[in-house]
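# Chain and residue survey
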Amino acid sequence: MKKPGRNEPCPCGSGKKYKKCCLNAPKPSAGGTFVYTDLDILSNQVHELIKQKKYDGAKEVCRKLLEQYPEQIDGLHRSAELFEAMEDYDRAATFYNLTAEFAEKADGFEQKSVEYFRNKAEQLADIGKQ
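Residues numbered from 1 in each chain as written. Predicted model: local features only at pLDDT ≥ 70, side-chain atom pairs only at ≥ 80, totals over all residues. Heavy atoms only, no water.

### Section: the confidence of the model for the protein chain
Quick reminder of the rule: Confidence of the predictor in every single residue is expressed as pLDDT, which spans 0 to 100. The way it works is that DSSP assigns letters per residue, a run of H or I at least four long becomes a helix, a run of E at least two long becomes a strand, and they are numbered from the N terminus.
Chain-level pLDDT for the protein chain is 86 on average; 83% of the residues reach the 70-or-more range. Confidence, read as mean pLDDT per element, is least for strand S2 (residues 34-35) in the protein chain (56) and greatest for helix H3 (residues 74-85) (97).

Next comes the structure, spelled out in structure tokens:
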């Protein structure tokens, strides 16, 4: 069985995306303690800051993700989520389109993930026009 992509359904059957379920679950180290990667920590910080409506802090962490991990989708996807939460629908749509483009080119993403990002971009662009 191949490892699921970050945005694919989690194989544990939870119904959540893999990245929001088992991928981010702490992994046991050799000593038996659990560790998160720096990428996981930053990406999860954005989500928590958005929930707390601390948008300036979330913007800063998104900037770090984009600069430090340009080969990962997290900075683009978290930026899209941030601008959506801020009701800046045009910028959110732009970032969802960038996320879709990234997913199309990267390994580990199925077409349904690309379609999800494209649909989000279209929906938010429509809201932005209203």
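### Concerning the side chain of Glu 81
So the rule is basically this: A 3.5 Å cut-off defines polar contacts: any pair of N or O atoms within that distance qualifies, except that in protein one atom must be a possible hydrogen donor and the other a possible acceptor, and neighbouring residues in sequence count only when both atoms are side-chain atoms. Two residues qualify as a contact provided that any one of their heavy atoms is within 4.5 Å of a heavy atom in the partner residue.
Structurally, Glu 81 is set in helix H3. Among the polar contacts made by the side chain of Glu 81, one reaches the side chain of Arg 78 at a distance of 2.9 Å. In contact with Glu 81, not counting residues within four places along its chain, are Lys 20, Ile 50 and Tyr 96.

### Details of the pattern of salt bridges
Put simply, the test is: One side-chain nitrogen of Lys or Arg within 4 Å of one carboxyl oxygen of Asp or Glu is enough to make a salt bridge. Only protein chains enter the accessibility calculation, which uses a 1.4 Å probe; a residue whose area is less than 20% of its type maximum is buried, one above 50% is exposed, and one in between is partly exposed.
According to the stated counting rule, one finds eight salt bridges in the structure shown. Note that Arg 63 and Glu 67 form a salt bridge whose closest N and O atoms lie 2.7 Å from each other. With Arg 63 and Glu 67 both in helix H2 (residues 55-68) and four residues apart, this pair spans about one turn of that helix. Assessed through its relative accessible area of 53%, Glu 67 is described here as exposed. In this structure, the salt-bridge partner of Asp 88 is Arg 91, at a minimum N-O distance of 3.7 Å. Via salt bridges that share partners, Glu 60, Arg 63 and Glu 67 belong to a single interconnected network.

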